Amino acid sequence: MVASLKDTVKLHNGVEMPRFGLGVFKVENGSEATESVKAAIKNGYRSIDTAAIYKNEEGVGAGIKESGVARDELFITSKVWNEDQGYETTLAAFEKSLERLELDYLDLYLIHWPGKDKYKDTWRALEKLYKDGKVRAIGVSNFQVHHLEELLKDAEIKPMVNQVEFHPCLTQVELREYCKKQGIQVEAWSPLMQGQLLDNEVLKQIAEKHNKSVAQVILRWDLQQDVITIPKSIKEHRIIENADIFDFVLSQEDIEKINALNKDERVGPNPDELLF
């Protein structure tokens, strides 16, 4: 049972990844990114998730540096953007991300979207970065089952993580079962459906029962589904509240009610339609 912010999951290569972290999608570069990262780390977070396309890696890097916490205690993720996909271009994009973050290595590097036909070359670049010790784990984001099957035909190294849109209206059951069989850890982006679920009556009832917020119930549900979660916030009180989910447990009945909210509804693009 996930008992604290320090809890980790062991990826298939043995690296320990925090089960809970801070996402910084749509967080402005500069002081907004820096202060939210510092607030998260100060309050016990150890995992920070950014991406080249978020255009805030510099701010995140400054927050890491100013946090005063040793680099080896943190778990930092970034992602290669669509236009940088391909072998050489991915290697160059990775170096630029490292420069902006002012780091010597990343803990996790992901292919942001599968697209149409470049992701195998991109994956070869990630395998090289991994073998060269520049990243401790490699993975993908927004990959459907068929993308993973295609990738695994030629991959030397299996992805350690698949970060996908996951929330009570998009429970991705088939994909999660496939990843579990393959030993690929699922991680949720947009766990709160960009705020659209906060007025849901079913979730409000469960929240009242546990004397928690709807956001806390959803994030707890993520963890009890063995899904890593990285909610975004720029307000310190919300960063603290989001992580205050280790003093209660959802019952099987609660979980079934939440699972029943699934409508296969996305707030982000469908990976099969975002082709490049």
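What this report covers is the structure whose coordinates are included nearby. This structure is a prediction, so every number in the text was calculated from the model and none was measured.

**Quick notes on the environment of T34**
Phase 1: With respect to the helices and strands, the residue T34 is situated in helix α1 (residues 31-42).
Phase 2: Using a relative accessible area of 8% as the deciding quantity, one classes T34 as buried.
Phase 3: Between the C-alpha atom of T34 and that of A215, which follows or precedes it by 181 residues, the distance is 23 Å.
Phase 4: Each residue touching T34, except ones within four places of it in the same chain, is listed here: G59, A62, G63 and E66.

**Quick word on helix α5 (residues 145-154)**
Because an α-helix packs 3.6 residues into every turn, residues spaced three or four apart end up facing the same way.
Phase 1: Here α5 has its buried residues at V145, H147, L148 and L151. Projected down its long axis, α5 carries its buried residues within an arc of 155 degrees, all on one side. Residues of α5 that are exposed and point more than 90 degrees away from the buried face comprise K153 and D154.
Phase 2: Next to the buried residues of α5 lie α4 (119-131), β7 (138-141), β8 (161-165) and α6 (173-182).

**Considering the nonpolar core**
Phase 1: Core analysis: the largest hydrophobic core is formed by 85 residues, its most contacted members being L106 and Y109.
Phase 2: Element by element, the count of residues in this core is highest for helix α8 (residues 214-224), at 7 residues.
Phase 3: With sequence-adjacent residues up to four places away left out, Y109 is seen in contact with S78, K79, V80, T90, A93, F94, L126, L129, V135, A137, I138 and G139.

**So, the sheet that holds strand β3 (residues 22-23)**
Phase 1: Spatially, β3-β4-β5-β6-β7-β8-β9-β10 is the arrangement adopted by the 8 strands of the open sheet, whose pairing is parallel. Where the open sheet ends on each side, the last strands, each with one partner, are β3 and β10 (228-229).
Phase 2: Relative to strand β5 (residues 75-80), strand β4 (residues 47-49) runs parallel, the two sharing 3 bridges. Its bridge partner lying in β5, S47 is registered against F75.
Phase 3: Contacting β5 and β6 (108-111), helix α3 (residues 87-101) crosses the sheet at an angle of about 140 degrees to β5.

**As for the pairing of β8**
Every other side chain in a regular strand lies on the same face of the sheet, so the side chains alternate between the two faces.
Phase 1: Extensive coverage of β8 is indicated by the burial of 5 of its 5 residues.
Phase 2: When β7 meets β8, the two strands line up parallel, connected through 3 bridges. Following the sheet pairing, S141 is matched in β8 by Q163.
Phase 3: One ladder, built from 5 bridges, connects β8 with strand β9 (residues 185-189); its direction is parallel. Bridge pairing links V164 to A188 in β9.
Phase 4: Each parallel crossover has a hand, and for β8 linked through α6 to β9 it is right-handed.

**Points about the packing of aromatic side chains**
Phase 1: Overall, the coordinates contain 7 aromatic pairs when judged by the stated rule.
Phase 2: Ring geometry for Y119 versus F143: centroids 5.2 Å apart, planes at 75 degrees, classification edge-to-face. Here Y119, found in helix α4, pairs with F143, found in the loop between β7 and α5; they are 24 residues apart in sequence, far enough to count as distant.
Phase 3: For Y119, a relative accessible area of 6% corresponds to the buried category.

**Regarding the side chain of E165**
Phase 1: Locating E165 in the fold gives a position in strand β8.
Phase 2: This buried residue, E165, is left without a salt bridge; R266 holds the nearest opposite charge, at 4.4 Å.
Phase 3: Within the local environment of E165, its side chain forms a polar contact with the side chain of H167, the two groups lying 2.8 Å apart.
Phase 4: Only 2.6 Å separates the side chain of E165 from the backbone nitrogen of V267, close enough to count as a polar contact.
Phase 5: In contact with E165, other than residues within four places in its own chain, are N142, L170, Q172, W189, E265, R266, V267 and G268.

**Overview of the environment of G63**
Phase 1: On the secondary structure map, G63 appears in helix α2 (residues 57-67).
Phase 2: With residues near it in sequence (within four places) discarded, G63 still touches T34, V37 and K38.

Cut-off values and rules
- Residues numbered from 1 in each chain as written.
- Predicted model: local features only at pLDDT ≥ 70, side-chain atom pairs only at ≥ 80, totals over all residues.
- Heavy atoms only, no water.
- Helix = DSSP H or I, 4+ residues; strand = E, 2+ residues; numbered from the N terminus.
- Buried < 20%, exposed > 50% of the residue type's maximum accessible area, 1.4 Å probe, protein only.
- Contact = heavy atoms within 4.5 Å.
- Arc of directions from axis to C-beta.
- Core = buried A, V, L, I, M, F, W, Y, C linked by side-chain atoms within 4.5 Å.
- Pairing = 2+ DSSP bridges.
- Axes fitted to C-alpha atoms, helices over the stretch in contact; angles between N-to-C directions.
- Right-handed = clockwise from strand over helix to strand, strands pointing away.
- Phe/Tyr/Trp six-rings, centres within 6.5 Å; stacked < 30°, edge-to-face > 60°.
- Lys, Arg positive; Asp, Glu negative; His and termini not counted.
- Salt bridge = Lys/Arg side-chain N within 4 Å of Asp/Glu carboxyl O.
- Polar contact = N/O pair within 3.5 Å; in protein donor to acceptor, adjacent residues only side chain to side chain.

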